[in-house]
Amino acid sequence: MNLAIPVLRNQIAPCFEAARQFELIVIKNKKIISSRTVNCQSSEGFLRVRLLRLYEVNTIICSGIKNFYRDQLLALGISVIPNINLSVEEALNHFFTGNLKPYDII
């Protein structure tokens, strides 16, 4: 599984569309296999969506995200876990314990 988290100083960035960096994490059997930071300097959200698709991301943990971009990610098969305001480490701990649930279309 490939997980992405928009980051700002070891915290989840407040806004997906403005995040300058993403932490890309490869997970296997609930363990982190690898992690790397990828820069995203574009001023719009489309490049971020394309970047996540390029890196074959399955799930994104984020804080704020516009419905338009959330819907694009969902259409690409990327699960979105929104409204998370934690450090990256705390978010990963909650993710591994099953305490974070993806957005469901109602």
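Here the structure is shown first, and the text comes after it.
Let us look at the structure shown here. (Residues numbered from 1 in each chain as written. Predicted model: local features only at pLDDT ≥ 70, side-chain atom pairs only at ≥ 80, totals over all residues. Heavy atoms only, no water.)

In this fold, Asn10 is placed in the loop between β1 (2–8) and β2 (11–12). For the pair Asn10 and Glu23, spaced 13 residues apart in the sequence, the C-alpha separation amounts to 9.5 Å. Leave out the neighbours within four places in its chain, and Asn10 touches Ser87 and Val88. (Helix = DSSP H or I, 4+ residues; strand = E, 2+ residues; numbered from the N terminus. Contact = heavy atoms within 4.5 Å.)

Any two packed helices are characterised by the angle at which their axes cross and by the distance between the axes. Helix α2 (residues 67–75) packs onto helix α1 (residues 45–54) with a crossing angle of 20° between their chain directions and a minimal axis gap of 11 Å. Classified by the interaxial angle, the pair formed by α1 and α2 is roughly parallel. Classified by chirality, the crossing of α2 by α1 is right-handed. On α2, the residues touching Gly45, Phe46, Val49 and Leu52 of α1 are Phe68, Tyr69, Gln72 and Leu73. Taken together, the residues of the contact of α1 with α2 break down into six nonpolar, two polar and no charged. (Axes fitted to C-alpha atoms, helices over the stretch in contact; angles between N-to-C directions. Parallel < 35°, antiparallel > 145°, perpendicular 65-115°, else oblique. Left-handed = near helix turned anticlockwise from the far one by under 90°. Nonpolar A, V, L, I, M, F, W, Y, C, P; charged D, E, K, R; others polar.)

Looking now at the pairing of strand β3 (residues 21–28). Sheet analysis places β1 next to β3, joined by six bridges and oriented antiparallel. Residue pairing for β3: Leu3 is matched across the bridge by Ile25. Pairing geometry for β3 and strand β4 (residues 31–39), over eight bridges, is antiparallel. When the sheet's bridge partners are listed, Phe22 is paired in β4 with Val38. The hairpin formed by β3 and β4 contains two residues between the paired strands, and Asn29 there has a positive phi angle of roughly 55°. (Pairing = 2+ DSSP bridges.)

Take the environment of Cys62 next. Mapped onto the elements, Cys62 comes out in the loop between β5 (59–61) and α2. The exposure class assigned to Cys62 is buried, which follows from its relative accessible area of 0%. The sequence separation of Cys62 and Phe95 amounts to 33 residues, and the corresponding C-alpha distance is 12 Å. Among residues more than four places away in sequence, those in contact with Cys62 are Pro6, Ile12, Val80, Ile81, Pro82, Asn83 and Ile84. (Buried < 20%, exposed > 50% of the residue type's maximum accessible area, 1.4 Å probe, protein only.)

Core analysis: the biggest nonpolar cluster contains 19 residues, and Ala4, Phe16, Phe22, Leu24, Leu52, Ile60 and Leu73 have the highest contact counts within it. Of all the elements in the fold, those that place two or more residues in this core are β3, α1 and α2. Element by element, the count of residues in this core is highest for α1, at three residues. (Core = buried A, V, L, I, M, F, W, Y, C linked by side-chain atoms within 4.5 Å.)

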